[in-house]
Amino acid sequence: MTDITNQSLNEIIENVKTKKVSSMELTKAYIKNIESAKKLNAFVTTTFDQAIDKAKQFDNRPNFDQLLPGIPLAVKDLFCTENTKTTAGSNILNNFIPSYESTVTKNLWNNGSFLLGKLNCDEFAMGSSNETSHYGNVINPVGDQLVPGGSSGGSSSALAANLTPATIGTDTGGSIRQPASFTGTVGLKPTYGLCSRWGIVAFASSLDQAGPMTKTIKDCAIMLESMSGFDEKDSTSINKKKEKYSKNLKDNIKGLKIGIPKEYRVDNMPNEIDELWEKGKKILKDLGAQLIDISLPHTKYALPTYYIVAPAEASSNLARYDGVKYGYRSKQGKDLVEMYEKTRSEGFGDEVKRRILIGTYVLSSGYYDAYYLKAQKVRQLIKKDFDDSFTKVDAIFTPSTPSSAFKIGEKTNDPVSMYLNDIFTVPVNLAGLPALSLPAGVDKQGHPLGLQLIGKTLDEQKILNIGFAFEKNCSFKNEIKKWWS
Amino acid sequence: MSKEKFDYFIKGEKGKYEVVIGLEVHAQVLSKSKLFSGSSTKFGADPNNQVSLIDSAFPGMLPVINEECVKQAVKTGLGLNAKINNYSVFDRKNYFYADLPQGYQISQYKNPIVGEGKVLLDMPYGSKEIGIERLHLEQDAGKSIHDMDPSNTYVDLNRSGIALMEIVSKPDLRSPDEVNAYIKKLRSIMRYLGTCDGNMQEGSLRADVNVSVRKEGDKKFGTRCEIKNVNSIKFMQMAIQYEAARQVELIESGQEINQETRLFDTKKNETRSMRSKEDAHDYRYFPDPDLLPLKLEQKLIDDIKKSLPELPDKKKERFIKEYGLNTYESNVLVSDKEISDYYEEVAKLSDKKLAATWMMGDLFAMLNERGLDISKSPISAKHFAELVQSIKSGEISGRIAKEVFEIMLETGDNPKKIIDSKGLKQQSDPKELEKMINEILSKNKDKVDQYKSGKEKLFGFFVGQVMKSSGGKANPQLTNEILKKLLNG
């Protein structure tokens, strides 16, 4: 048999079900890959012993009716995992071992999978390149000088390098879709409320959403089905019937109306992105979809709005890391206030501090109305733009990012240019909508590029279907050479 | 009852000053579990034994509203004759403290669950209405313990996340007495409703007290100071007295009053500056993104309204009408639901007016002395009613009744049995009494002569002699009548 880790999740599941490969063989194959890929720095923690135990248990008493039978999975280190260290990429949680399991990961385990390890990410998911992690930057398997995107950079890197058959990330402003785009993989940010936030280290509560990162659309559907679902422990969770995304996957998109927003053509955007977008439109058109020009007039305000709302919420969400109850505590402080100051100044990295400062500022009395309140109003307008468009179209089609993966260190001293990388992904989070990043091509240097499908609230099935049809007709193949082992 | 005039002013050298007081009362909601978690709210558990991952703010933990607490707040709002808001929002109030695990308190800022209402106070100078500005739900913080270790502070999170109702009054209070009446009234209403046990020793009821002063007759309010977290009525009153006097002194000496937060030092009986307006916390309130706005259906509010018990104001009116009590008696007897229940049981079986008098006299004195709630009274309402009835029927005198009351306390027996077995029945046969009195008068001829020549004070002496020889059982009214007849006749 060829290297099983080259296969898609769906193929692997079929092989497990038909007993062509055991859970143990599979697990060992991934462990071998992970051990030889230390250069990528995708993992913060590995749980090999535990995974071997679980694989053994599965093989002894297999249940092939599960969605993820005996599948080892690595997950972003933002998901709290019971008895396994959870760092959120931060020094302040360098010793934090949760006594509980996040709802999303628990759902995955309940569907037959088990934990292979915890994946590196930007500190508290704040970053677009995985360079803000306390545990070092992650390298994109596409090229040894390239960032894997962020904040779910460990996830995208591990997936693209065959270190996990599929994975999950979180997406607050593009943290699933942008890394997926940078690594030639599929990433889905579900509708806000589809996946429970319970047990996920919070960044910006009104924007955070967990989602799958996979090699194929079919895999994405399987993962979404496994991880999503109503959770009464999350007040913002949507109470609705579970859907069978993978079973209902269809590649017939004839007659669907696809909106093309004119505002997603930005200044200084490389021609390649435009060309890719055109190529994508042609594929959809050839499949019988109808392209419709639309306008989302408030798009240009999305990024500034995001950089008020997200830091505001973050500044409050991160107040709990004070050295009193768990996590890192500085030994230097002479009194309570000094202990706070030292703990937080030693525990948080620069990007996190920058956002706490911004967030604190925009919520301060005298500035609240001008920043936070105004941002909330603009957010409503952005949402309304989408609502209006969705009366005319079934989905919206845009580029995922304004560029392919950039070089490590290229943007670390220019936060605004870093932030601009999320320009196409951020509006979706502000509107709470589902959006899918599809691998669609490569640029001149051979670096992958993605296109984005945005759906109506809870219309994941439709964008998955469009993605499914697109994937079959796009002829994109991720050519990653294994240079790291 | 004669009406007194309101007269609480601070007298300065340059005139009289009116004291203006507003209260922010923090009342702990009676509920089994906390406002946003399933942890128990029971008082007195070992430190950190009633703490969930949510209360201690572990990463990824999310609050879920406890519907019971919402209903309790609505109930309280209705009891305060207040507007219930169908739409309210939970906000985060951000500040750092060791016993505030989240780094913010979940509270309600711009959109509270309950809006304006009012509370009626019965003051000696008449009834007074105190406006309620709002009532909102919020989380309590934990407790920092500084005195268990010389170099460390311990934190107990049992209280962390317990639901509080903050009830904000309008600045309508004008004296420590009114504050006393207001707190007692709030407490009474909440106990009737079962929404707060009002136990101040256990911290279930605390208040921030806002105090300002102004020259009598001035329309404009003075600059106020807020005295934080005072946990007894007595301390509130002391703090107000001190603070008002301090402010008058400042004004009279030509100084400014700084708007600031102050602490009341109960040992030194003074308030001290905690922080000025300039260093006031910027709480950076914003809507909690973990919680959706709270939307209440009108039906829920209406259903709660229908289920409300009779509240003290209504009950007071009924007691006056139904039992012929005066305002004072009625007020006392309705102040506590259990007292009013006890009274109604007694009144059903005996004389209503006399029952009130005896309850407010001997029964209350006994309970007070023993530090008992009426629910723990050693004398049941039924026995107490029998005692009242025995007095009313003339079977025993008031004096003997006191004796019977004491024996009831000791033995738990019913009064009938005590009266019979001890032969305490009142002597009410006029013929026998007259015979006895005649004997006494003939034994004291000299005193009779003195009485007749004008020394009328001696009347008491004769009554005493009658009581003495009857062992206290002579019917006092009858004794008086016969004595008068024989002496004056």
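Because the structure is predicted, anything quoted here is derived from the model rather than measured.

*Asks:* An account of the environment of Ile437(B) is requested, with residue identities and associated values reported.
*Replies:* Residue and element names in this part refer to chain B. With respect to the helices and strands, Ile 437 occurs in helix α12 (residues 430-443). Given a relative accessible area of 1%, Ile 437 falls into the buried group. Between the alpha carbons of Ile 437 and Phe 462 there is a distance of 8.5 Å; along the sequence they are 25 residues apart. Not counting the four nearest positions on each side in its chain, Ile 437 is found in contact with Val 466, Thr 479, Ile 482, Leu 483 and Leu 486.

*Asks:* Help me get a handle on the nonpolar core, residues and values and all.
*Replies:* If you look at the biggest cluster of nonpolar residues, it comprises 148 residues, and the most contacted ones within it are Phe124(A), Phe386(A) and Leu436(A). When residues of this core are assigned to their parent elements, the largest contribution, nine residues, is made by helix α9 (residues 302-317) of chain A. Ignoring sequence-local partners within four residues, the contact set of Phe386(A) consists of Tyr264(A), Leu296(A), Ile396(A), Pro427(A), Ala431(A), Leu433(A) and Ile454(A). Core analysis: the second largest hydrophobic core is formed by 102 residues, Val119(B), Leu173(B), Ala347(B) and Ile374(B) among them.

*Asks:* How would you summarise the layout of surface pockets if you had to cite specific residues and measurements?
*Replies:* Residue and element names in this part refer to chain B. In this structure, the second largest pocket spans a volume of roughly 1,700 Å³. What lines the second largest pocket is a set of 46 residues, among which Lys 184, Asn 331, Val 332, Ser 335 and Asp 336 lie closest to the centre. Breaking the lining of the second largest pocket down by element, the ones donating at least two residues are β6 (117-123), β7 (126-139), α2 (176-193), α5 (312-323), α6 (327-334), α7 (337-349) and α8 (352-370). It is α2 that contributes the most residues to the lining of the second largest pocket, nine residues altogether. Classifying every residue of the lining of the second largest pocket by side-chain character gives 19 nonpolar, twelve polar and 15 charged. When we break the lining of the second largest pocket down by domain, the ones giving at least three residues each are domain 1 (9-305) and domain 2 (310-418).

*Asks:* Can you explain the environment of Lys353(A)? Please cite residues and give values.
*Replies:* All names here are of chain A. Looking at where Lys 353 falls in the secondary structure, it is placed in helix α11 (residues 350-363). Residue Lys 353 is classed as partly exposed on the basis of its relative accessible area of 27%. Separated by 199 residues in the primary sequence, Lys 353 and Gly 154 place their C-alpha atoms 22 Å from one another. If near-sequence neighbours (up to four positions away) are discounted, Lys 353 is found in contact with Arg 344, Ser 345 and Phe 348. Here the side chain of Lys 353 touches Phe 348 through a polar contact of 3.3 Å, landing on its backbone oxygen.

*Asks:* If you had to explain the sheet that holds strand β4 (residues 91-94) of chain B to someone new, which residues and values would you point to?
*Replies:* The three strands lie next to each other as β5-β4-β15 (chain B), forming an open sheet whose pairing is antiparallel. Lying at the two open borders of the sheet, with one neighbouring strand each, are β5 (104-107) and β15 (286-287) of chain B. Relative to β15(B), β4(B) runs antiparallel, the two being bridged by two bridges. Counted as the bridge partner of Asp91(B) is Pro287(B) from β15(B). Sitting on the sheet, α9(A) is in contact with β4, β5 and β15 of chain B, with an inclination near 60° to β4(B).

*Asks:* Break down empty space enclosed by the protein for me, citing the residues and quoting the values.
*Replies:* The probe, sized like a water molecule, is rolled over the atoms to show the empty space still left. Going through the model one piece at a time under the given rule, you end up with five cavities of 30 Å³ or more. In this structure, the largest cavity spans a volume of roughly 100 Å³. Contributing to the lining of the largest cavity are 13 residues, with Ile200(A), Val201(A), Ala202(A), Gly60(B) and Leu62(B) lying nearest its centre. Looking at side-chain class alone, the lining of the largest cavity contains seven nonpolar, two polar and four charged residues.

*Asks:* Explain the state of the cysteines to me, using residue names and the numbers behind them.
*Replies:* What the rule picks out here adds up to zero disulfides over all chains. As a non-bridged cysteine, Cys220(A) has Cys195(A) as the owner of its nearest cysteine sulfur, 10 Å distant. Relative accessible area serves as the criterion here: at 0%, Cys220(A) is assigned to the buried category. Cys69(B) takes part in no disulfide bond, and the closest cysteine sulfur, belonging to Cys196(B), lies 12 Å away.

*Asks:* Lay out the packing of helix α1 (residues 67-79) of chain B against helix α4 (residues 298-306) of chain B in plain terms, naming residues and giving numbers.
*Replies:* All names here are of chain B. Where α1 meets α4, the axes come as close as 10 Å, and the angle between the chain directions of the two elements is 60°. If you check the angle between α1 and α4, you find them oblique. Relative to α4, α1 is oriented so that their crossing is right-handed. Here Lys 71, Val 74, Lys 75 and Leu 78 of α1 come into contact with α4, specifically with Leu 300, Ile 301, Ile 304 and Lys 305. Looking at the contact of α1 with α4, its residues break down into five nonpolar, no polar and three charged.

*Asks:* Please set out the pairing of β6(B) residue by residue, giving values where relevant.
*Replies:* Burial along β6(B) is one-sided: Gly117(B), Val119(B), Leu121(B) and Met123(B) are buried, while Lys118(B), Leu120(B) and Asp122(B), pointing the other way, are not. Here β6(B) hands over to β7(B) after two residues, the two strands then running antiparallel side by side.

*Asks:* Explain unusual backbone geometry to me, using residue names and the numbers behind them.
*Replies:* Residue and element names in this part refer to chain A. For the peptide bond that leads from Gly 150 to Ser 151, omega is 5°, which places it in the cis range. If you trace the backbone, Ser 151 turns up in the loop between β3 (114-119) and α5 (153-160). Backbone geometry at Asn 162 places phi at a positive 60°, although glycine is not the residue there. Turning to its location among the elements, Asn 162 is positioned in the loop between α5 and β4 (167-170).

*Asks:* Help me get a handle on the interface of chain B and chain A, residues and values and all.
*Replies:* In many reports, interface size means the accessible area that the parts give up when they come together. Of the residues lining the interface, 29 residues belong to chain B; the matching set on chain A comes to 38 residues. The interface formed by chain B and chain A contains one salt bridge. Residue Asp290(B) is joined to Arg197(A) by a salt bridge in which the shortest nitrogen-to-oxygen separation is 2.9 Å. Scanning the region where chain B abuts chain A turns up 17 residue pairs in polar contact (both at pLDDT 80 or more). For the side of chain B that touches chain A, the secondary structure elements donating two or more residues are β4 and β15 of chain B.

*Asks:* Pulling in residues and values, what's your account of the domain arrangement of chain B?
*Replies:* Domain parsing of chain B yields domain 1 (9-305), domain 2 (310-418) and domain 3 (430-488). Taking only C-alpha atoms, the centre of domain 1 of chain B and the centre of domain 3 of chain B are 64 Å apart.

*Asks:* Hey, could you go over the pattern of salt bridges for me, with residue numbers and the actual values?
*Replies:* According to the stated counting rule, one finds 55 salt bridges over all chains in the structure shown. Residue Lys334(A) pairs with Glu338(A) through a salt bridge whose shortest N-O separation is 3.6 Å. For Glu216(B), the salt bridge is made with Lys16(B), and the minimal N-O distance between the two is 3.9 Å. Of this pair, Glu216(B) sits in the loop between β11 (205-215) and β12 (225-230) while Lys16(B) is found in strand β2 (residues 15-28), placing the two residues 200 residues apart along the sequence. According to the relative accessible area criterion, Glu216(B) is partly exposed, its value standing at 44%.

*Asks:* How would you explain the environment of Arg370(B) if you had to name every residue and give the values?
*Replies:* Residue and element names in this part refer to chain B. With respect to the helices and strands, Arg 370 occurs in helix α8. The partly exposed category is assigned to Arg 370, whose relative accessible area is 44%. In this structure Arg 370 touches Pro 378 and Leu 409, once residues within four positions along its chain are discounted.

*Asks:* Run through the pairing of strand β13 (residues 260-265) of chain B, naming residues and quoting values.
*Replies:* Residues and elements named next belong to chain B. In terms of burial, β13 is a largely internal element, five of the six residues being buried. Handedness of the crossover joining β12 and β13 through helix α3 (residues 233-252): left-handed. Pairing of β13 with strand β14 (residues 270-276), which is carried by six bridges, proceeds in the antiparallel orientation. Along β14, the bridge assignment pairs Thr 261 with Arg 275. What sits between β13 and β14 in their antiparallel hairpin is a turn of four residues, with Asn 269 showing a positive phi close to 50°.

*Asks:* Describe the packing of aromatic side chains, and please don't skip the residues or the numbers.
*Replies:* Tallying each qualifying case throughout the model produces 36 aromatic pairs over all chains. Pairing Tyr361(A) with Tyr371(A) gives two aromatic rings, centres 5.6 Å apart and planes at 55°, and the pair type is tilted. One end of the pair, Tyr361(A), is in helix α11; the other, Tyr371(A), is in helix α12 (residues 369-389), and ten residues separate them in sequence. A residue is classified by how much of its surface remains accessible, and Tyr361(A), at 38% relative accessible area, is partly exposed. For Tyr371(A), a relative accessible area of 31% puts it in the partly exposed group. Through successive ring pairs, a cluster of aromatic residues spans Phe96(A), Tyr100(A), Phe124(A), Trp198(A), Tyr321(A), Tyr326(A), Phe348(A) and Phe58(B). One residue, Lys281(A), lies across the ring of Trp277(A), its end atom 4.5 Å from the ring centre. It is Lys447(B) that lies over the ring of Phe461(B); its NZ or CZ is 4.8 Å from the centre.

*Asks:* Describe the side chain of Asp208(A), and please don't skip the residues or the numbers.
*Replies:* Residue and element names in this part refer to chain A. Relative to the helices and strands, Asp 208 is located in the loop between β5 (186-189) and β6 (210-214). Although Asp 208 is buried, it makes no salt bridge; Arg 197 carries the closest opposite charge, 5.4 Å away. Polar side-chain contacts of Asp 208 include one of 2.9 Å to the backbone nitrogen of Phe 203. Ignoring anything within four residues of it in the chain, the contact list for Asp 208 reads Asp 171, Thr 172, Tyr 192, Arg 197, Ala 202 and Phe 203.

Definitions and limits used
- Residues numbered from 1 in each chain as written.
- Chains lettered and ligands numbered in written order.
- Predicted model: local features only at pLDDT ≥ 70, side-chain atom pairs only at ≥ 80, totals over all residues.
- Heavy atoms only, no water.
- Helix = DSSP H or I, 4+ residues; strand = E, 2+ residues; numbered from the N terminus.
- Buried < 20%, exposed > 50% of the residue type's maximum accessible area, 1.4 Å probe, protein only.
- Contact = heavy atoms within 4.5 Å.
- Core = buried A, V, L, I, M, F, W, Y, C linked by side-chain atoms within 4.5 Å.
- 1 Å grid on protein atoms, 1.4 Å probe; cavity = no way out; pocket = protein on both sides within 12 Å on 5 of 7 lines; lining within 4 Å.
- Points joined across faces, edges and corners; volume = space filled by probe spheres on them.
- Nonpolar A, V, L, I, M, F, W, Y, C, P; charged D, E, K, R; others polar.
- Domains from an automatic or database assignment.
- Polar contact = N/O pair within 3.5 Å; in protein donor to acceptor, adjacent residues only side chain to side chain.
- Pairing = 2+ DSSP bridges.
- Axes fitted to C-alpha atoms, helices over the stretch in contact; angles between N-to-C directions.
- Disulfide = S-S within 2.5 Å.
- Parallel < 35°, antiparallel > 145°, perpendicular 65-115°, else oblique.
- Left-handed = near helix turned anticlockwise from the far one by under 90°.
- Salt bridge = Lys/Arg side-chain N within 4 Å of Asp/Glu carboxyl O.
- Right-handed = clockwise from strand over helix to strand, strands pointing away.
- Phe/Tyr/Trp six-rings, centres within 6.5 Å; stacked < 30°, edge-to-face > 60°.
- Lys NZ or Arg CZ within 6 Å of the ring centre and 35° of its normal.
- Lys, Arg positive; Asp, Glu negative; His and termini not counted.

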